Amino acid sequence: MGDQGGVRASAVALVALASTIVCLLLLRGWRALGNGLPDVPWIAVGPLVLLIVLVLISGWQVRRYARYRRREGTSVGAPSPVSPQRARGTLVGAQAAALGGGALVGWYLAIALLQVPNADVASVRAMAIRATVCAAVALLLALAGLLAQHWCRLPPGENGDDDNEPPRGVSYVS
C-alpha cells in the first residue's frame, strides 16, 4: 500500500492466505482441547451480502460524482455533490471491506478445510458446504471493496489541487 496505490489485490490475497494458515492452526488447537468447531449458519451469508451492497452503492455514488465532474458541461442527470469526508469514508470503507473480506475468506476456508476429512458424514458435509459458500461470499466482499476503491479514483490531473506541480499518477477523490 503506497500513498496513491491503495489496497492491492496481492495484499488481499496475502491477508487471505495468512488468515487461512493462522485460523487452521488455532482451530486445530481448539479441537485438540476437546472443543468442536464453530458452527457456520446460513444466516452468516446475509450480513456479508448486505456489506457488499453497501460498499458497491457507496462506491458507485462517488464514481458518478467523479465522472460528472469531468463532464461539467452537461446539467442533465447531475448527481448530488459528495462531500470530501464522505468520499474519504467511502474509500476507507472500501479498503476495509477488501482486507476484511480477505480475512473472512481465511476464516471460513479454514473451517471448510478442517471438515474435509470427515465429509462423508452428512452433517459435517453440510457444514463444509456452508463454510465454503461463506468463503465465496467473503471473496465477493473483498472484490467489491477493491472495485469500490477503484471507483474512488480520479484520473491524473483532476485531483483538484491548486498547485502548479504536475500530477503524479492517479489520486483518489477527496
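Within every chain, residues take consecutive numbers counted from 1 along the sequence as written. Side-chain atom pairs in this predicted model are given and counted only at pLDDT of 80 or more, local residue features only at pLDDT of at least 70, and totals for whole chains, interfaces and linings cover all residues. As a rule here, side-chain values cover all heavy atoms of the structure and leave hydrogens and water aside.

*Asks:* Explain the environment of Leu-113 residue by residue, including any values.
*Replies:* Here Leu-113 is to be found in helix 3 (residues 84–115). What makes Leu-113 partly exposed here is its relative accessible area of 41%. Spatially, the C-alpha atoms of Leu-113 and Ala-131 are 9.0 Å apart, while their sequence positions differ by 18 residues. Here, residues are in contact when the closest pair of their heavy atoms is within 4.5 Å. When neighbours within four sequence positions are excluded, Leu-113 is seen to be in contact with Thr-20 and Leu-24. In this text, helices come from DSSP runs of H or I with a minimum length of four residues, and strands from runs of E with a minimum of two, each type numbered from the N-terminal end. Each residue gets one of three labels from its accessible area relative to the maximum for its type: buried under 20%, exposed over 50%, partly exposed in between, using a 1.4 Å probe on protein chains only.

*Asks:* Give a description of the side chain of Ser-19 that names residues and reports values.
*Replies:* Tracing the sequence through the fold places Ser-19 in helix 1 (residues 9–32). Given the relative accessible area of 13%, Ser-19 is considered buried. For Ser-19, the residues in contact, after removing those within four places along its chain, are Gly-102, Ala-103, Gly-106 and Trp-107.

*Asks:* Kindly report on the environment of Leu-147, identifying the contributing residues and their values.
*Replies:* By the secondary structure assignment, Leu-147 is in helix 4 (residues 122–151). For the pair Leu-147 and Ala-98, spaced 49 residues apart in the sequence, the C-alpha separation amounts to 8.9 Å.

*Asks:* Describe in detail the nonpolar core, supporting the description with residues and values.
*Replies:* If you look at the biggest cluster of nonpolar residues, it comprises 27 residues, and the most contacted ones within it are Leu-27, Val-40, Leu-48, Tyr-108, Ile-111 and Cys-134. Listing elements by their share of this core, those giving two or more residues are helix 1, helix 2 (45–70), helix 3 and helix 4. Among the elements that make up this core, the one with the highest residue count is helix 4 (9 residues). Look past the residues within four positions of Cys-134 in its chain and what remains in contact with it is Val-40, Pro-41, Ala-44, Val-45, Leu-48 and Tyr-108. The nonpolar core is taken to be a set of buried Ala, Val, Leu, Ile, Met, Phe, Trp, Tyr and Cys residues, with the residues joined through side-chain atoms within 4.5 Å.

*Asks:* Tell me what's going on with the pattern of salt bridges, and back it up with residues and numbers.
*Replies:* Salt bridges, as used here, are contacts in which a Lys or Arg side-chain nitrogen is within 4 Å of a carboxyl oxygen on Asp or Glu. This model, assessed by the stated rule, comprises 1 salt bridge. Residue Arg-130 is joined to Asp-39 by a salt bridge in which the shortest nitrogen-to-oxygen separation is 3.1 Å. Remark: Asp-39 occurs in the loop between helix 1 and helix 2 and Arg-130 occurs in helix 4; sequence separation between them is 91 residues. Classification of Arg-130 by relative accessible area gives buried; the value is 14%.

*Asks:* How would you explain a nonpolar patch on the surface if you had to name every residue and give the values?
*Replies:* Think of a patch as exposed residues, more than 30% relative accessible area, with no salt bridge, where like charges cluster within 9 Å and nonpolar side chains (Val, Leu, Ile, Met, Phe, Trp, Tyr) cluster within 5 Å. Method for areas: the Shrake-Rupley scheme with a 1.4 Å probe, in which residue coverage is limited to the protein chains shown. A contiguous nonpolar patch, built from Leu-14, Leu-17, Ile-21 and Leu-25 and spanning about 420 Å² of accessible area, is present on the exposed surface. Residue position: Leu-14 is located in helix 1.

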